[in-house]
Each structure stands twice: as structure tokens, then as C-alpha cells.
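An overview of the molecular structure
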Amino acid sequence: MTLVDSHVHLDHEQFRDDVDACIARAQDQGITRMLTIGTGDGPPKLDCALELAARYEGVYATVGVHPHEASKANPATFDGLRHLLKEPSVLALGEIGLDYHYDFSPREVQREVFIEQLRLAREAGKPVIIHTREAWPDTLDVLRREWSGPGIMHCFTGDEAQAREALDLGFHLSFGGVLTFQKAENVRQAAAIVPEDRLLVETDAPYLAPIPFRGKRNEPAFMVETVKRLAAVRGVPPEQVASATTANFHRLMGCED
Ligand SMILES: [Zn+2]
Ligand SMILES: [Zn+2]
């Protein structure tokens, strides 16, 4: 099986001592490509993912300001992102969106910074990676008004109706460890109805490790458990989920197989 982890935070301090070993273990499981998210601790540093992409074969980068750090963004931040989006290793802009669970930045600021970044992605012709938590109606509202391009709903944890809304907007849905959690029946129902050509998988490591690793630090190699569960939910072999999600990632990001 060849797999792509479409969302991982390899720059996280929890990987500081063993990122080499994590990437090697992932490759042993067939996870040959990883998209490492460049939001880090927020502005002013914007290029933490590029450093990893430069160092490791098969690791690609994003840039962006997470909604948690929206209040740290200013005009210089957007200029910096505009510049970095031209780098060949930067495949997408993200993760961006709205997080009303923590409200680390005021909601109004989150919305402004989200909209500004959607404009940057449009200008750069890059897909967006959306983070949304307890903010589904506002997220959809912004996307309907401001976005018509490709994108990923990362760590999708909505229900079937929300999945259909995201699909109607043209989005890909990426499933992570939450899919394996006992109480996530609604997420599994959503995963069952996503067309095969809109499906992606991710870890969001170091967060949200799948069962049987739940509660531990997550790492890309653990994604195999999510893939097995997703395959079971969809009634197909894991190899089919692997080949579809890998092809979808490459098509979406405009990179080669
Ligand atoms: Zn997220
Ligand atoms: Zn993330």
C-alpha cells in the first residue's frame, strides 16, 4: 500500500527528538508522502514547514495562520504568506478557518484573517486546508461567499448532512483518528457517503491518535489503523482506500504520482 498523510504537524515539539525515526516508520508502512502543516506557533514565523520539506524526501509544506493565532496576523504576515506561496514545496494554504471551541482569537478577527487568506490562496492558485470547530455555519457562510476553488476539510468530524454541504462546495473530506473513536458513529456515517474521488486520510499528528493508540502521541505510521477502519466502513479493501486517497491527493495538489 502507498499512502499519503495529508495533514501532520512534524514541526511540533513532540517530534523534536525523533522526527527522523517517525518518518522512517511511516515509510515502512507505505506512507511515502506527508503534508506538514506550517502554522506552527503563529506569526511572525511562517516557514517552519518549509524547513522540513527541504530536509526530507516526500515531505511537502503548507503555510498559513491557524485561527488560534489569528490575532497575531498583520499586513506583514500576509505579505510573507504571499511570498512563501510561490515556493515549489508549498502545496497549499492552511490550516485556516474558524475555531469557536477555544476562541483563542476573537471571532471577528478569526473571520477577517480567514477571508484574507482565502484571497491569498485564490491569487496564488493553491488549494486551502480548512480547520473548523464549533463554527460550521460561519465557516460555510465564509466559504460560500469567498471561495470557489479546491480544498480540504481537514479532520472531518461532521455528520452526513455536513459532509454533503462540504461536498457541494467542491471540497475533499479528510478523515483522521477520530473516525476510529467509539462515539464517532456520525463521522463513520459521513465517511460512508463520500465519493471515492473526494476522500483523503490524515493523522493530524501529534494530536488525535487512532484506536488502539488513543491517548498516546500520534505519528504518521499510526494512520494505517484509520485506513483499515475507513475501508471497513466503506466495505472496500484497505488497498482501495490507499490507492484512491493517494491519487486524490496528487490530483488535488497538482503534483506527480
Ligand atoms: Zn486543525
Ligand atoms: Zn492540524
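The present account deals with the structure reproduced in this document. Remember, it's a predicted structure, so these values are computed and weren't measured experimentally. (Residues numbered from 1 in each chain as written. Chains lettered and ligands numbered in written order. Predicted model: local features only at pLDDT ≥ 70, side-chain atom pairs only at ≥ 80, totals over all residues. Heavy atoms only, no water.)

All right, on to the packing of helix H3 (residues 75–84) against helix H4 (residues 107–124) then. Interhelical geometry of H3 versus H4 gives an angle of 25° and a closest axis separation of 10 Å. Considered as vectors, H3 and H4 are oriented roughly parallel to each other. As H3 runs across H4, the sense of the crossing is right-handed. From H3, Phe-78, Leu-81 and Arg-82 reach across to H4, where they touch Val-113, Glu-116, Gln-117, Leu-120 and Glu-123. (Axes fitted to C-alpha atoms, helices over the stretch in contact; angles between N-to-C directions. Helix = DSSP H or I, 4+ residues; strand = E, 2+ residues; numbered from the N terminus. Parallel < 35°, antiparallel > 145°, perpendicular 65-115°, else oblique. Left-handed = near helix turned anticlockwise from the far one by under 90°. Contact = heavy atoms within 4.5 Å.)

This next bit is on the sheet that holds strand S5 (residues 128–133). Read from one edge of the open sheet, eight strands run S1-S2-S3-S4-S5-S6-S7-S8, paired in parallel fashion. Among the strands making up the open sheet, the edge pair consists of strand S1 (3–8) and strand S8 (199–201). Each strand axis lies, on average, 30° off the axis of its neighbour in the sheet, ignoring direction. (Pairing = 2+ DSSP bridges.)

Per the stated rule, a full pass over the model turns up 16 salt bridges. Residues Lys-45 and Asp-47 are paired through a salt bridge, measuring 2.7 Å at the closest nitrogen-oxygen approach. Across the pair Arg-188 and Glu-185 runs a salt bridge whose closest N-O atoms are separated by 3.2 Å. Of this pair, Arg-188 and Glu-185 both sit in helix H7 (residues 185–193), separated by three residues, roughly a single helical turn. We classify Glu-185 as partly exposed; its relative accessible area is 43%. Connected through salt bridges with shared partners, the residues Asp-18, Arg-25, Arg-217 and Glu-219 form a single ionic network. (Salt bridge = Lys/Arg side-chain N within 4 Å of Asp/Glu carboxyl O. Buried < 20%, exposed > 50% of the residue type's maximum accessible area, 1.4 Å probe, protein only.)

What follows deals with unusual backbone geometry. Put simply, Pro-43 and Pro-44 share a cis peptide bond, and its omega is 10°. Cis rather than trans, the peptide bond between Gly-94 and Glu-95 has omega equal to 5°. By the element assignment, Glu-95 lies in strand S4 (residues 90–99). One non-glycine residue with positive phi stands out, namely Cys-155, at about 45°. Among the structural elements, Cys-155 can be located in the loop between strand S6 (151–153) and helix H6 (160–168).

Attention now moves to the coordination of the zinc ion (ligand 1). Of the protein atoms, only Glu-95 (OE), His-131 (ND1) and His-154 (NE2) coordinate the zinc ion (ligand 1), at distances of 2.0 to 2.1 Å. Site description for the zinc ion (ligand 1): donor spacing in sequence, E-x35-H-x22-H. Taken as a pair, the zinc ion (ligand 1) and the zinc ion (ligand 2) lie 3.5 Å from each other and share Glu-95 as a ligand. Here Glu-95, found in strand S4, pairs with His-131, found in strand S5; they are 36 residues apart in sequence, far enough to count as distant. (Donors = N, O, S within 2.8 Å, 3.2 Å for Na, K, Ca; no water.)

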